Amino acid sequence: TKGVHMSFTRSNRNQSPGLSVLKIQGVESKEDTAFYLGKRVVYVYRARNAKKGKVRTVWGRVTRSHGNSGAVRAKFAKNLPPKSLGATVRVMLYP
């Protein structure tokens, strides 16, 4: 399933890049997010140089819902870079 990295969790002045807010395709309510809790998420991007491979990934996990309109929070192994805002993430339908 596809999703979009919408933002990092934030307060009025501070943002915490450790938690990301994702919008998953086809999820429109808080009740719909229950299925995705604990599922794996991956952000795939192209690297500038091919030292560790041209395509790289950052894996994460959906932790909880965010708000009433079907957004979820996810924690990634390494914090997502700012260029990933608005980019597509893949939600794996396993665990």
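Everything below is about the structure printed above this text.
What you see is a predicted model; the values in this text were computed from it and never measured.

Peer 1: Would you explain the overall build of the protein chain in this entry?
Peer 2: Regarding its fold elements, the protein chain presents zero helices and six strands. Counting from the amino terminus, the protein chain carries its helices and strands in the arrangement β-β-β-β-β-β. Taking 2.2 N^0.38 as the reference for a compact globule, 95 residues should give roughly 12 Å; the C-alpha atoms of the protein chain span a radius of gyration of 13 Å, in line with that estimate. Scored against the burial criterion, the 95 residues of the protein chain give a buried share of 33%. For the protein chain, long-range pairs separated by at least 24 residues make up 55% of all intrachain contacts whose partners lie at least 6 apart in sequence. Accessible surface, the protein chain as shown: approximately 6,100 Å² in total, 51% of it carbon and sulfur.

Peer 1: Which parts of the structure should I look at to understand the pairing of strand S4 (residues 55-66)?
Peer 2: It is a general feature of regular strands that their side chains alternate between the two faces of the sheet. When strand S3 (residues 40-46) meets S4, the two strands line up antiparallel, connected through seven bridges. Paired with arginine 40 across the two strands is arginine 61, which belongs to S4. Looking at chain direction, S4 and strand S5 (residues 71-76) are connected through six bridges and run antiparallel. Bridged to arginine 64 within S5 is arginine 73.

Peer 1: It is not clear to me how the packing of aromatic side chains should be interpreted in this structure. Could you clarify?
Peer 2: Each pair of aromatic rings is reported with the distance of its centres and the angle of its planes. Summed over all chains, the structure comprises two aromatic pairs. With 5.0 Å between their ring centres and 85 degrees between their planes, phenylalanine 35 and tyrosine 36 make a pair best called edge-to-face. The lysine or arginine in question, lysine 39, covers the ring of phenylalanine 35, its NZ or CZ lying 4.6 Å from the ring centre.

Peer 1: What am I meant to see in the pairing of S5 here?
Peer 2: S5 sits mainly inside the fold: five of its six residues count as buried. Here strand S2 (residues 15-24) runs beside S5; their pairing, made up of five bridges, is antiparallel. Pairing of serine 20 across the sheet is with alanine 74, part of S5. Taking the residues that link successive antiparallel strands as the turn, the S4-S5 hairpin has four residues, and the phi of glycine 67 there is positive, at about 80 degrees.

Rules of the game
- Residues numbered from 1 in each chain as written.
- Predicted model: local features only at pLDDT ≥ 70, side-chain atom pairs only at ≥ 80, totals over all residues.
- Heavy atoms only, no water.
- Helix = DSSP H or I, 4+ residues; strand = E, 2+ residues; numbered from the N terminus.
- Rg over C-alpha atoms; globule rule 2.2 N^0.38 Å.
- Buried < 20%, exposed > 50% of the residue type's maximum accessible area, 1.4 Å probe, protein only.
- Contact = heavy atoms within 4.5 Å.
- Areas by Shrake-Rupley, 256 points an atom, 1.4 Å probe, with all protein chains shown as cover.
- Pairing = 2+ DSSP bridges.
- Phe/Tyr/Trp six-rings, centres within 6.5 Å; stacked < 30°, edge-to-face > 60°.
- Lys NZ or Arg CZ within 6 Å of the ring centre and 35° of its normal.

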